[in-house]
Amino acid sequence: SPSRGLGDVYKRQMEAYVYYLTNAQAVEPDAIINAADDANVDENTETEAFTADSNPIAALAENDGTESAKTKEKIIALIDTGVNAGPNVIDRISLIDNVLEGNGHGDQMVDAITSQDEDAKILSIRALSNGGKGNVSSIISGIEYAINQNVNIINLSMYAKTTMLNSVLGTELSLI
């Protein structure tokens with residue numbers, strides 16, 4: 001029966017929760033993060049959840065890195081919705097899908113960065129969808145990817161209300 005199936009799912013989720021509660025530093029649901037752009041701020045917009053096929057943590061494990069970022073100096077990791085190719089963009093990666101260009105928010109951030117330093121070298125890490133939303137896990141995966149690439153600066157232009165659902169992100173940011 002359908003209710004029995006839901007009970008089995010709940011039981012498996014609780015078993016996983018208990019396992020990770022004792023074997024991990026933190027366990028919490030994956031919360032939504034938004035690109036920091038008035039055009040993307042809409043409290044009525046439905047949240048976007050990533051599927052198993054677009055698991056950012058799995059994508060992080062599958063990507064060795066970018067040679068461009070490892071061989072250049074003073075790299076800025078832009079964790080955002082993705083960007084178009086350009087003279088300042090040394091490499092682009094997506095941890096959520098196969099799209100590298102975004103909704104324009106990432107390109108606006110490139111413009112903001114290059115207005116301060118016209119020679120800036122940017123590694124684009126797509127962790128937010130074209131809707132300007134992403135999960136805490138996609139942001140943390142982006143941060144971990146950037147750290148593994150030995151970037152000098154990590155740019156995050158996004159917002160979320162501080163809740164218990166995103167405390168892991170706060171912890172991650174405090175460790176950088």
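Because the structure is a prediction, the values reported are computed rather than measured. (Residues numbered from 1 in each chain as written. Predicted model: local features only at pLDDT ≥ 70, side-chain atom pairs only at ≥ 80, totals over all residues. Heavy atoms only, no water.)

Asker: What is the right way to look at unusual backbone geometry in this model?
Answerer: A negative phi holds for most residues other than glycine; trans holds for most peptide bonds. The phi angle at N150 is positive, at roughly 60 degrees, despite the residue not being glycine. For N150, the position within the fold is in the loop between α5 (136–148) and β6 (153–156). (Helix = DSSP H or I, 4+ residues; strand = E, 2+ residues; numbered from the N terminus.)

Asker: Looking at this model, I keep getting lost on the pairing of strand β4 (residues 121–126). Mind explaining?
Answerer: Sheet faces and side chains relate simply in a regular strand, where the side chains alternate between the two faces. Most of β4 is tucked away, with five of its six residues classed as buried. Pairing of strand β2 (residues 75–80) with β4, which is carried by six bridges, proceeds in the parallel orientation. Following the sheet pairing, I76 is matched in β4 by I122. Crossover handedness for the path strand β3 (residues 89–94) to helix α4 (residues 105–116) to β4: left-handed. (Buried < 20%, exposed > 50% of the residue type's maximum accessible area, 1.4 Å probe, protein only. Pairing = 2+ DSSP bridges. Right-handed = clockwise from strand over helix to strand, strands pointing away.)

Asker: Help me understand the pairing of β3 in this model?
Answerer: With five bridges joining them, β3 and β4 adopt parallel strand pairing. Bridge assignment links R92 to a residue of β4, and that residue is S124.

Asker: Explanation requested: the sheet that holds β4 in the structure shown.
Answerer: In spatial order, the strands read β3-β4-β2-β6; together these four strands make up an open sheet with parallel pairing. Strands with a single pairing partner mark the edges of an open sheet, and in this sheet they are β3 and β6. The average angle at which neighbouring strand axes cross in this sheet is 20 degrees, direction not considered. Running over the sheet, α4 touches β2, β4 and β6 and is turned about 150 degrees from β2. (Axes fitted to C-alpha atoms, helices over the stretch in contact; angles between N-to-C directions. Contact = heavy atoms within 4.5 Å.)

Asker: How should α5 be read in this particular structure?
Answerer: One turn of the α-helix equals 3.6 residues, which is why residues spaced by three or four share an orientation. Here α5 spans 18 Å end to end across 13 residues, near enough to the 18 Å set by a 1.5 Å rise per residue. The buried count for α5 comes to 10 of 13 residues, which makes it a mostly enclosed element. All buried positions along α5 are accounted for by V136, S137, S138, I139, I140, S141, G142, I143, Y145 and A146. Phi turns positive, to about 60 degrees, at N150, one or two residues after α5. (Expected span 1.5 Å × (residues − 1).)

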